[in-house]
Amino acid sequence: QVQLVESGGGLVQAGGSLRLSCVASGRTFSSSAMGWFRPAPGKAREFVAAINWSGGNTYYADSVKGRFTISRDNAQNTVYLQLNSLKPEDTAVYYCAADLRSGAYYYMSEYGYWGQGTQVTVSS
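Residues numbered from 1 in each chain as written. Predicted model: local features only at pLDDT ≥ 70, side-chain atom pairs only at ≥ 80, totals over all residues. Heavy atoms only, no water.

A. How the structure looks around the state of the cysteines. Considering all chains together, one arrives at one disulfide under this definition. Linked covalently through their sulfurs, C22 and C96 form a disulfide whose S-S length is 2.1 Å. Between C22 and C96, the S-S torsion sits near -75°, and that sign places the bridge as left-handed. Of this pair, C22 sits in strand 3 (residues 18–25) while C96 sits in strand 9 (residues 92–100), and the two are 74 residues apart along the sequence. Accessibility expressed as a relative area gives 0% for C96, which makes it buried. (Disulfide = S-S within 2.5 Å. Helix = DSSP H or I, 4+ residues; strand = E, 2+ residues; numbered from the N terminus. Buried < 20%, exposed > 50% of the residue type's maximum accessible area, 1.4 Å probe, protein only.)

B. Here's a closer look at the nonpolar core. Grouped together as the largest cluster of nonpolar side chains are 34 residues, with contacts concentrated most on W36, L81 and Y94. Looking at this core, the elements that each hand over two or more residues are strand 3, strand 4 (34–40), strand 5 (43–51), strand 7 (68–73), strand 8 (78–83), strand 9 and strand 11 (118–123). (Core = buried A, V, L, I, M, F, W, Y, C linked by side-chain atoms within 4.5 Å.)

C. Geometry of the environment of G103. Relative to the helices and strands, G103 is located in the loop between strand 9 and strand 10 (111–114). For the pair G103 and Y59, spaced 44 residues apart in the sequence, the C-alpha separation amounts to 12 Å.

D. Structural detail: the sheet that holds strand 1 (residues 3–7). Reading across the sheet, the four strands line up as 1-3-8-7 and stay open at both edges, with antiparallel pairing between neighbours. Where the open sheet ends on each side, the last strands, each with one partner, are strand 1 and strand 7. Direction aside, neighbouring strands of the sheet carry axes that sit 15° apart on average. Pairing analysis gives five bridges linking strand 1 to strand 3, with the strands arranged antiparallel. When the bridges of strand 3 are listed, L4 appears paired with A24. (Pairing = 2+ DSSP bridges. Axes fitted to C-alpha atoms, helices over the stretch in contact; angles between N-to-C directions.)

E. Spotlight on the pattern of salt bridges. Within the structure shown, the criterion is met by six salt bridges. Its salt-bridge partner being D99, residue R27 comes within 3.9 Å of it at the nearest N-O pair. Here the residue R27 occupies a position in the loop between strand 3 and strand 4, and D99 occupies one in strand 9, the gap between them amounting to 72 residues. With a relative accessible area of 15%, D99 lands in the buried category. (Salt bridge = Lys/Arg side-chain N within 4 Å of Asp/Glu carboxyl O.)

Rendered as C-alpha cells:
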C-alpha cells in the first residue's frame, strides 16, 4: 500500500520558518516528479512547488518564489519543503503529491498519490 506521510507543520510567527517533510512508503518515487499543494479560495488546492525526479529542476508558485525551497532525497524516498519568511496568508494545510503523470506539475489532477496534509499556521 502506497502512503505519503507529511510532517513538520506547526504554529509560527510571521517571518519565521518551518521545514515540511513527506515520506513515501510502499513504492519508490525516485523516477517521478513530486509536489506540494495547499487549499486556496475557489480552488480545491493550489500549486505551491514541484521538483523533478532528480531534483535538478524546481518550480514554484509566484506567491512563494524566493521564500520556499523544495528538495528531495531519493535514497530516503522523501521530499522536503523549506518555508522561510512566512506570512499569515501562508496559513493552510500543506499536501504532498507524488507520481506526476504528465509535464503539468501545477495541476493537482496529474498526480497519482496524495498525503493527508500537515497544518501550517502563521500568526501575525
